[in-house]
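Report on the structure
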Amino acid sequence: MMLWTANQIIRKFSTSSNFFQNKLKLALIGQSLFGQEVYTNLRKQGHKVVGVFTVPDKDGKADPLALAAEKDGTPVFKFPRWRVKGKPIPEIVEAYKEVGANLNVMPFCSQFIPMDVIDHPTHGSIIYHPSILPLHRGASAINWTLIHGDKKAGFSIFWADDGLDTGPILLQRECHVEPNDTVDSIYNRFLFPEGIKAMVESVQLIADGKAPRIPQTEEGASYEGIQKKSNAKVNLAQPAEAIHNWIRGHDKVPGAWTVIDGQNVTLYGSSMLGGSIPDGQLLEIEGAPQPGVITNKGLVLFGSDGKALMVKNLQFEDGKMIPASKYFSSGDRDSVELTDVEKKMAEDIRDIWKAILSNVAIIEETTDFFKSGAASMDVVRLVEEVKQRCAGVQLQNEDVYMATTFQDFIQMFVRRLRGEDQREEMVIDYATKDVNNMTVKMPWQCFINGRFEDAENGKTTDTVNPADGSVICKVAYSSVGDVDRAVAAAKEAFEVGPWGRMNPRDRGSLLYKLADLMEEHQEELATIESIDSGAVYTLALKTHVGMSIQTFRYFAGWCDKIHGKTIPINQARPNRNLTFTRKEPLGVCAIVIPWNYPLMMLAWKSAACLAAGNTLVLKPAQVTPLSALKFAELTVKAGIPKGVINIIPGSGGMVGQRMSDHPDIRKLGFTGSTPIGKQIMKSCALSNLKKVSLELGGKSPLIIFSDCDMDKAVRMGMSSVFFNKGENCIAAGRLFVEESIHDEYIRRVVEEIKKMKVGDPLDRSTDHGPQNHKAHMEKLVEYCEVGLKEGATLVYGGKQVHRPGFFMEPTLFTDVEDHMFIAKEESFGPIMVVSKFKDGDVDGVLKRANDTEFGLASGVFTQDINKAMYVSERLDAGTVFVNTYNKTDVASPFGGFKQSGFGKDLGEDALNEYLKTKAVTVEY
């Protein structure tokens, strides 16, 4: 994650055209990757680094700052110390002065620098400190921010003086501390990337003569000492939140520990635990008020207040780390026999270990990575080099801590390469509900990189059954950090995972298998759709789920039929040129789906996306996330590789916006309202010009001529409005009925409305279920009130049904004039809006029907084929239904015109939304 963040910062700075006028000669004093990035970006902004002063090589390995500077030819000095017995070493101070710096920049420095050096440059020295000074002065500021449970974290850039972190403030930045933040997460998310930018900004403020010097106040000042392993033992006889803060404040360095079964055990990955305690096996822990519990998710600890927290990983005195859930597991698994190819890979990995552990003569099976001197940056290097050398294997930094010896690492690597760990690692904390004569098992967490896990901030939100307003369960409420992790997983899966290299026919086989699993679970999926979205169960079974299955099967068949073409080109003779095109996937795609057809909209977009070879990050609607998360579970069972599909439940304002802004997403597909679609399009353009397809609002006209089949026109007209409770993007938003049949048509529609059964969506005889959520139902009632005020005639309905839940009466308005609000705006509910048109006035009604900024769908009923063709040619909409309505098919393209959006779902056209065309010309 740290390397990814650094790459983002490099990209952001390198693409900037803002080159400052005033420049300085700088001495960089410090070390680490942070120091390296500050150095790199200061040089990119035109400042001259006249010398880098860093720490000596360790075990033959140079610090990252030294490596970067040496590569650029910048003078590098590696002094072991600057002082002896508190006094500066004259020759070292003199060597420093010779570089002629007029400002010292100290991004991260572990050495004591003499005041002779601090005060020497014209502008003095500035230092980065990872706290909001004067709070948490000292060397372990990030740790203490978390240990004390601070709600805000941040950093200060201050002018160095002869005190300890007491100099005047130049610049400060702060961020919110999430409930489950660790030292690593705050550093990677904020302190590292924002700190680099702030250091560069501070230098320029100094260069421009605009840098402030704000004296530090002593009010609220604090100083804490360095946290070491020896003083990091956790006191378990205190409230759970204090225990949690202590553990996360020491994660990963130096590591909070306790005593279990007579040995020191370090605790990692703490999070507060809400709700019921999972079942598990009791574990006695020294000093704890009550035994812990080993569950399938980790170790549960209890505070003195009776509240609980969960610990994910345990590390023993010999350095071996295990998932806490495996504490009572009986020994290690049997060793796997390596194939010849795997043996060759193992030797390649041995070479990587040798290059990193340059102080070890021979890498033996029992060589321990950390006991041989490896540090945290070596972990990052090992993981990245192995992934680069052995493309397709999914590794994380944590895996190295779990397999510290060479033989254990190779065994873990081979199992991971074969995919043997994938199913074992999938642990699902289901929310269960006995409903519809079955027990429904619903995942509720984020689905990232093949695993279900809590949101990074630990937050959840309720999802509600619209039939009675009751809470179904809590669902993860994702943060920006969750989106970033999901995108990183999808990017890795696309670039180095098996998905990108897979034979297209094999990819199609996985999608066929996924469709089969959806069919196998169709009753459960339909039940989830019904209780979460209010869909009538029979409709959910046939359409919501049924068409989703058809969609995946349809696009599975396309996987091995995607190709370019050869093109004759006209060149000077002799024409010995070949030009052909390639159809290639885009990369990581984002999909944002609405709440009216949660599973079907997922299928419409993601099936084409996956068939084209992309990976995806999908955000379900905040009010209907459950079927998407159940779908995620089925993708693992189908064998879809990790990282290919990621599901991130949460708000549009946070999760959706981050997807729009994310620089590593190459395409965003959205179904929803026109105003939100405009905002998404703007954000996608400003971020990285990502490709966009939008299926937005509609006000679809349905024209009913007097020569129609009246029975069919009434039946299909009812369906055009009331299908799926009116929560249908292509619903007929306005019916135009020819004057001579208008009254008869209205009479018959009212008769049919009165026959509709409004009630429990799980009742097989129900025709009309609840609206999706309370706010939408209230909006529909308000819509009807506006129609009445403007003078339309309310023939039927218009009110909320008096029963628990969010039920709206099927509603009918007539005498609707073109200027009225309800004639122009979409209701997205069970409200039929009817206007008359004069007999025979075909062109007049066409003009009225097209007088809208929307153009999603339309329809016409007539038995005159010439009239039908004439009207269908002139209706300005992406879909035209003739003598039918709502008849979509997986093979037929679907999408709108004008402010109803652009791009297509379904059919061959949908594939092009997720492909790019490359032209290749060869001279032979």
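Residues numbered from 1 in each chain as written. Predicted model: local features only at pLDDT ≥ 70, side-chain atom pairs only at ≥ 80, totals over all residues. Heavy atoms only, no water.

The name given to the chain in an unreviewed UniProt entry is 10-formyltetrahydrofolate dehydrogenase, with the source organism recorded as Umbra pygmaea. UniProt's Catalytic activity (unreviewed entry) comment on the chain is quoted here verbatim: "(6R)-10-formyltetrahydrofolate + NADP(+) + H2O = (6S)-5,6,7,8-tetrahydrofolate + CO2 + NADPH + H(+)". (UniProt positions renumbered as here; feature names shortened; annotations may be inferred.)

1. So, the pattern of salt bridges
Applying the stated criterion across every chain, the model contains 43 salt bridges. Where K387 meets E384, a salt bridge forms, and the shortest distance between an N and an O atom there is 3.6 Å. With a gap of three residues between them, K387 and E384 both fall in helix 10 (residues 376–389), about one helical turn apart. Owing to a relative accessible area of 37%, E384 belongs among the partly exposed residues under this scheme. R485 is the partner of E453 in a salt bridge, and the nearest nitrogen-oxygen pair spans 2.2 Å. Taken together, the positions of E453 in strand 20 (residues 451–453) and R485 in helix 14 (residues 480–495) put the pair 32 residues apart, joining distant regions of the chain. Among the ionic contacts, a cluster of salt bridges with common partners joins E524, K630, E633 and K637. (Salt bridge = Lys/Arg side-chain N within 4 Å of Asp/Glu carboxyl O. Helix = DSSP H or I, 4+ residues; strand = E, 2+ residues; numbered from the N terminus. Buried < 20%, exposed > 50% of the residue type's maximum accessible area, 1.4 Å probe, protein only.)

2. Details of the sheet that holds strand 23 (residues 566–567)
Read across the open sheet, the three strands follow the order 23-24-40; overall the sheet is antiparallel. Of all strands in the sheet, those with a lone pairing partner are strand 23 and strand 40 (915–923), marking the two edges. (Pairing = 2+ DSSP bridges.)

3. Some details on the packing of aromatic side chains
Under the counting rule described, the total for this entry stands at 26 aromatic pairs. Measuring from centroid to centroid gives 5.1 Å for Y327 and F328, while their planes differ by 85 degrees, and the two rings are edge-to-face. Judged by relative accessible area, F328 falls into the partly exposed class, the value being 34%. Here F881 and Y885 contribute two aromatic rings whose centre-to-centre distance is 4.8 Å and whose plane-to-plane angle is 50 degrees, an arrangement assigned as tilted. Across the pair, exposure class does not vary: F881 and Y885 are buried alike. Taken together, the ring pairs in this structure connect F34, Y128, F155, Y187, F190 and F192 into an aromatic cluster. For the cation-ring pair, R507 lies above W499, with the distance from its terminal atom to the ring centre recorded as 5.9 Å. Above the ring of Y870, the side-chain terminus of R874 is found at 3.6 Å from the ring centroid. (Phe/Tyr/Trp six-rings, centres within 6.5 Å; stacked < 30°, edge-to-face > 60°. Lys NZ or Arg CZ within 6 Å of the ring centre and 35° of its normal.)

4. Structural notes on the state of the cysteines
This structure, assessed with the given rule, holds zero disulfides. Of all cysteine sulfurs, the one in C609 lies closest to C729, which takes part in no disulfide; the gap is 19 Å. Taking the relative accessible area as the measure of exposure, C729 reaches 8% and is therefore buried. (Disulfide = S-S within 2.5 Å.)

5. Digging into the environment of V427
On the secondary structure map, V427 appears in the loop between helix 13 (420–425) and strand 17 (431–435). The spatial distance from the C-alpha of V427 to the C-alpha of T366 is 31 Å, given a sequence separation of 61 residues. Sequence-distant contacts of V427, that is, excluding residues within four places in its chain, are made with N296, K297 and F452. (Contact = heavy atoms within 4.5 Å.)

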